[in-house]
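Given next are the chains, with one letter for each unit.
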Amino acid sequence: MTVGETFRIAIIGGGPAGLSLAIGLKRKGFQNLIIYEREIDNQVRHQGWSISLFSPDGGLAFIEYLGLLPELSAISFQPSFRALDGETGKTLLYRAGNENGRRFKRGDLRDALYQVCLREGIKIIWDAQVKSFEEINEKVHIHFIDETKHHTDIVDLLIGADGIHSPIRKQLTGDVVRSAGFNSIVGLIKKEADGSNNDLFEHELIQNSGVLASGRNVSCWYAHHVLHDEIYWSLSIQSDEDFIRQHTNYDKKKLHDLALEYSKKFFPLIQTLVQRTPIDQMQDCLLFKDLDPMKQHSSGRYCVSKSGRITLIGDAAHAMIPFRGQGGNTALIGAWNLSDKLGTLVNQTNITNDEIGEVLLRYENERIPVGSHEILESRGNAARFHSSNSVTNFFRNTIMRMINLKIQFDDWFYKQS
């Protein structure tokens, strides 16, 4: 029998990273796969709003590689992107939507990948919260919080794809999650059947766009999700972790009032978005968390354990605050890289510890530094987008204008060639 038939792989986490990795491994020939997900089912937890994936250097390329783009096109669209001066509303940067980018509603993407896993016979166990792992004789024993429901599983390879609060990473590294220093008030506007808010959905700075507007000490992100006739907005405030709770106790009316106060820092359209958001459509606040980049061990590995048969992908490996839009793309490219590297072993009749260790070392050295870079870039963007310093804001806006000129020139040059 081959490694593809006998080698047991457990993926902890059923988000886009874990699900796409499982699909990639199944396509490579691994048959003995299992996904453990802590949620009760695929609908129980709100998955957030938009996630943009790109090609050829982002997660959309992995979707294309897996042959899933035709069916996933039905739940996505090609968005444009704008960066606006928060005080004047003037466009600093504009990028039209094209075939190299697709925007998904996070829950839709997760559900679509879940359906592919079901179709391909990949086993997913819901309501399975992992507590810890134990390494015995080159095997990894997975222990669950509810041991009456889930007995210890013994696997050949454990992959943590379970996000920033991953118990796998915590046990491996002891890294501590902390407040990122930014927190968001979130609202949602749904298109009214009577057309009473069509003016918002048809506004040139809203229609089919994702928009970033930078103010002073506060930043606004809003996105029009075409397929669901929704506009999602968030006002992120540079603040202590407890700031929003102290001011509102998460009461929807008080959240709306606080958003109204902070929207005054922006040009009128942002104020209008907040004003016309029904109070009952104020959403859960986003309390951004942060985790430092992983450290490389002298052995060359980042995920160091006794057996060497444990690794991490996605936010478990490189959690980043969402001020660069690269979390999903970095996670899916990592899943592609790992599935390709493990795929080189699938037709062997056996596999040594050194062989699996070498594969994981190469994966970690190629992808975790990239994720670490994105963590630092996201932190830098967060500081720039929330700056109260007029000089910093001037240079930030000037740089975006220069990037915009390059985009316009590249588009013109492409049309001429």
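All values derive from a computational prediction rather than experimental measurement. (Residues numbered from 1 in each chain as written. Predicted model: local features only at pLDDT ≥ 70, side-chain atom pairs only at ≥ 80, totals over all residues. Heavy atoms only, no water.)

1. A look at the pattern of salt bridges
Now for step 1: Applying the stated criterion across every chain yields a total of 23 salt bridges.
Now for step 2: Residue Asp290 is joined to Arg379 by a salt bridge in which the shortest nitrogen-to-oxygen separation is 2.8 Å. Taken as a pair, Asp290 in strand S17 (residues 286-290) and Arg379 in helix H13 (residues 353-385) lie far apart in primary sequence, 89 residues in all.
Now for step 3: Taking the shortest distance from any N to any O, the salt bridge between Arg324 and Glu374 comes out at 2.5 Å. Taken together, the residues Arg324 in the loop between helix H11 (315-318) and helix H12 (327-343) and Glu374 in helix H13 connect sequence positions 50 residues apart.
Now for step 4: A cluster of three or more residues bridged by salt bridges with shared partners is formed by Arg178, Asp290, Asp292 and Arg379. (Salt bridge = Lys/Arg side-chain N within 4 Å of Asp/Glu carboxyl O. Helix = DSSP H or I, 4+ residues; strand = E, 2+ residues; numbered from the N terminus.)

2. Points about the environment of Asn365
Now for step 1: Inspection of the secondary structure puts Asn365 in helix H13.
Now for step 2: With relative accessibility at 30%, the residue Asn365 sits in the partly exposed group.
Now for step 3: With 34 residues separating them along the chain, Asn365 and Ala331 place their C-alpha atoms 15 Å apart.
Now for step 4: Excluding residues that lie within four positions of it along the chain, Asn365 makes contacts with Gln296, Gly300 and Tyr302.
Now for step 5: Within the structure, Asn365 has its side chain in polar contact with the backbone oxygen of Gly300 (distance 2.8 Å). (Buried < 20%, exposed > 50% of the residue type's maximum accessible area, 1.4 Å probe, protein only. Contact = heavy atoms within 4.5 Å. Polar contact = N/O pair within 3.5 Å; in protein donor to acceptor, adjacent residues only side chain to side chain.)

3. As for the sheet that holds strand S1 (residues 9-12)
The strands making up a sheet associate through hydrogen bonds between their backbones, and the pairing can be parallel or antiparallel.
Now for step 1: Strand order in this open sheet of five strands is S8-S2-S1-S12-S18, and the pairing throughout is parallel. In this open sheet, the two strands that pair with only one neighbour each are strand S8 (123-125) and strand S18 (310-312). Taking each pair of neighbouring strands and ignoring which way they run, the sheet shows an average axis angle of 20 degrees.
Now for step 2: Sheet topology note: the strand S2 (residues 33-36)/S8 ladder contains three bridges and is parallel. The residue bridging Ile35 from the neighbouring strand is Ile124, located in S8. (Pairing = 2+ DSSP bridges. Axes fitted to C-alpha atoms, helices over the stretch in contact; angles between N-to-C directions.)

4. Here's the deal with the domain arrangement of the protein
Now for step 1: Domain boundaries assigned for the protein yield domain 1 (3-76 + 103-177 + 291-385) and domain 2 (180-289).
Now for step 2: Centre-to-centre separation of domain 1 and domain 2, based on C-alpha positions: 31 Å.
Now for step 3: In this complex, domain 1 contributes 18 residues to the contact, which on the side of domain 2 involves 23 residues.
Now for step 4: Carbon and sulfur atoms supply 66% of the area that domain 1 and domain 2 bury against each other, a total of about 1600 Å² over both sides.
Now for step 5: Together, Trp49, Arg103 and Phe385 form the three largest contributors to the area buried by domain 1 at its contact with domain 2, with a combined 43%.
Now for step 6: Our enumeration of links across domain 1 and domain 2 arrives at one salt bridge.
Now for step 7: Of the charged contacts in the structure, one is a salt bridge between Lys105 and Glu230, with a shortest N-O distance of 3.1 Å. (Domains from an automatic or database assignment. Buried area = accessible area lost by both parts, 1.4 Å probe.)

5. Side note on the pairing of strand S13 (residues 178-190)
Now for step 1: The sheet contact formed by S13 and S17 spans four bridges and is antiparallel. Each residue of the ladder has a partner; that of Arg178, found in S17, is Asp290.
Now for step 2: Here nine bridges tie S13 to strand S16 (residues 230-238), and the two strands are oriented antiparallel to one another. Bridged to Leu188 within S16 is Tyr232.

6. Focus: the packing of aromatic side chains
Aromatic ring pairs are reported here in terms of the distance separating the ring centres and the angle at which the planes meet.
Now for step 1: Considering all chains together, one arrives at 11 aromatic pairs under this definition.
Now for step 2: Considering the side-chain rings of Phe81 and Trp221, the 6.2 Å spacing of their centres and the 25 degrees angle between planes classify their relative orientation as stacked. With Phe81 in strand S5 (residues 80-85) and Trp221 in strand S15 (residues 218-225), this pair connects stretches of sequence that are 140 residues apart.
Now for step 3: What makes Phe81 partly exposed here is its relative accessible area of 28%.
Now for step 4: The partly exposed category is assigned to Trp221, whose relative accessible area is 27%.
Now for step 5: Among the aromatic residues, those joined into a ring-pair cluster are Phe62, Tyr65 and Trp336. (Phe/Tyr/Trp six-rings, centres within 6.5 Å; stacked < 30°, edge-to-face > 60°.)

7. Side note on the nonpolar core
Now for step 1: Counting 48 residues, the largest nonpolar core has Ile9, Ile11, Phe30, Ile63, Ile159, Ile313 and Leu342 as the members making the most contacts within it.
Now for step 2: What Ile159 contacts, discounting residues up to four positions off in sequence, is Ile9, Ala10, Ile11, Ile12, Leu21, Thr311, Ile313, Leu338 and Leu342.
Now for step 3: Grouped together as the second largest cluster of nonpolar side chains are 30 residues, Cys220, Tyr222, Leu258 and Phe266 included. (Core = buried A, V, L, I, M, F, W, Y, C linked by side-chain atoms within 4.5 Å.)

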